[in-house]
Amino acid sequence: MPFRIAQIRLVSSHPEVYEPCDDSFALVDALLADKNNLIEHQPTLCMEVGCGSGYIITSLALILGQEGSGSHYIATDINPHAVRVTSETLAAHGVHAELINTDIALGLEKRLAGLVDVMVVNPPYVPTPEDEVGREGIASAWAGGENGRRVIDKILPIADNLLSDKGWLYMVTLTANNPSEICLQMRERGFASRIVVQRSTEEESLHIIKFWRDLDAQEDAKQMATTNKTASGRVMESVLSQFSLLSSWISNSSHSS
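These remarks concern the structure in this document. Given the structure is predicted, the values throughout are model-derived calculations rather than measurements. (Residues numbered from 1 in each chain as written. Predicted model: local features only at pLDDT ≥ 70, side-chain atom pairs only at ≥ 80, totals over all residues. Heavy atoms only, no water.)

### Regarding the packing of aromatic side chains
Argument step 1. Tallied over the full model, the rule gives 1 aromatic pair.
Argument step 2. Their ring planes at 80° and their centres at 5.6 Å tell us that F25 and Y55 sit as a pair that is edge-to-face. Of this pair, F25 sits in helix α1 (residues 22-33) while Y55 sits in helix α3 (residues 55-64); the two residues are 30 residues apart in sequence, bridging distant segments of the chain.
Argument step 3. Using a relative accessible area of 29% as the deciding quantity, one classes F25 as partly exposed.
Argument step 4. The ring of W168 carries the charged tip of K210 above its face, separated from the ring centre by 3.5 Å. (Phe/Tyr/Trp six-rings, centres within 6.5 Å; stacked < 30°, edge-to-face > 60°. Helix = DSSP H or I, 4+ residues; strand = E, 2+ residues; numbered from the N terminus. Buried < 20%, exposed > 50% of the residue type's maximum accessible area, 1.4 Å probe, protein only. Lys NZ or Arg CZ within 6 Å of the ring centre and 35° of its normal.)

Set out below in structure tokens:
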């Protein structure tokens, strides 16, 4: 019987490669929660930026399964050890992806522009000193600079360029990253968003956010280009309401448990 998602016992490892952890599990749970939509979406090209151990791209391929037999998978990582480990993880599960050792999508922008139907990203989101960002080895997997946004803010315009008209982006964010402001940035690029999974641990509060191109968001983006403050304020209110409702739900749930 095919595996439902990647199996930890079959995930390869290396001392300089980030192992699957709470954030990885939360992102895969978000994909599972959206499985029916993903299958109906019939993506032709799926991409992971920062593949690490290969747990997420392997899980995505398994989630799409036979229904996604027409899908092509690409995964990138700046860490060459991660590329090798991901290759081993994919092989252990009997699935395949094209693996590229590069920074985000460097060298792929023209080839993949407007073609990616599903992109998954567990970025380096931990707030760290700026000089830790982009270091060689495992530190590149988590060091996010000020507010953990240094790499995230590089990824957003690249995602906008690579995603197709029907493209979806699933991204892990931390509360310290100011996810509502990330949603606003993407709204200004014509993307709507929603939180698929929210998970709190002893160390962090994670949001898995799904972004997709949306006609209303694109109209708002046009308005913001001409009336800036007024439209931007309306959009911020809309985005913040989603996070406010979520916070209220979490608070009520904790009181009732």
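### As for the sheet that holds strand β7 (residues 205-213)
Argument step 1. Across the sheet, 7 strands lie side by side as β3-β2-β1-β4-β5-β7-β6; this open sheet has mixed pairing. Looking at the sheet topology across the chains shown, the edges are occupied by β3 (98-101) and β6 (191-200). Along the sheet, successive strands turn relative to each other by an average axial angle of 15°, direction set aside.
Argument step 2. Sheet topology note: the strand β1 (residues 45-49)/strand β4 (residues 116-121) ladder contains 4 bridges and is parallel. Bridged to V49 within β4 is V121. (Pairing = 2+ DSSP bridges. Axes fitted to C-alpha atoms, helices over the stretch in contact; angles between N-to-C directions.)

### Side note on the pairing of strand β5 (residues 163-174)
Argument step 1. Of all 12 residues in β5, 10 are buried, a share of seventy percent or more.
Argument step 2. Where β4 meets β5, 5 bridges bridge the pair, whose relative direction is parallel. For V121, the partnering residue across the bridge sits in β5 and is M171.
Argument step 3. Of the crossover connections in this fold, the one passing from β4 over helix α6 (residues 150-162) to the parallel β5 is right-handed. (Right-handed = clockwise from strand over helix to strand, strands pointing away.)

### Remarks on unusual backbone geometry
Argument step 1. A positive phi angle, close to 50°, is found at Q42, a residue other than glycine.
Argument step 2. With respect to the helices and strands, the residue Q42 is situated in the loop between α2 (35-41) and β1.
Argument step 3. Overall, the relative accessible area of 58% leaves Q42 in the exposed class.
Argument step 4. Its identity as a non-glycine residue notwithstanding, N147 has a phi of 60°, on the positive side.
Argument step 5. Here N147 lies in the loop between β4 and α6.

### Some remarks on helix α4 (residues 80-92)
Argument step 1. For α4, built from 13 residues, the straight-helix expectation of 18 Å at 1.5 Å per residue is met to within 8% by its first-to-last C-alpha distance of 19 Å.
Argument step 2. For α4, the full list of buried residues reads A82, V83, V85, T86, T89 and L90. Down the axis of α4, the buried side of the element spans an arc of 165°, and every buried residue falls inside it.
Argument step 3. Buried residues along α4 sit in contact with α3, β2 (72-77) and β3.
Argument step 4. Two or three places before H81, at the opening of α4, N79 has a side-chain oxygen 2.9 Å from that residue's backbone nitrogen.
Argument step 5. After α4 finishes, the residue G94 shows a positive phi value of roughly 75°. (Expected span 1.5 Å × (residues − 1). Arc of directions from axis to C-beta. Contact = heavy atoms within 4.5 Å. Polar contact = N/O pair within 3.5 Å; in protein donor to acceptor, adjacent residues only side chain to side chain.)

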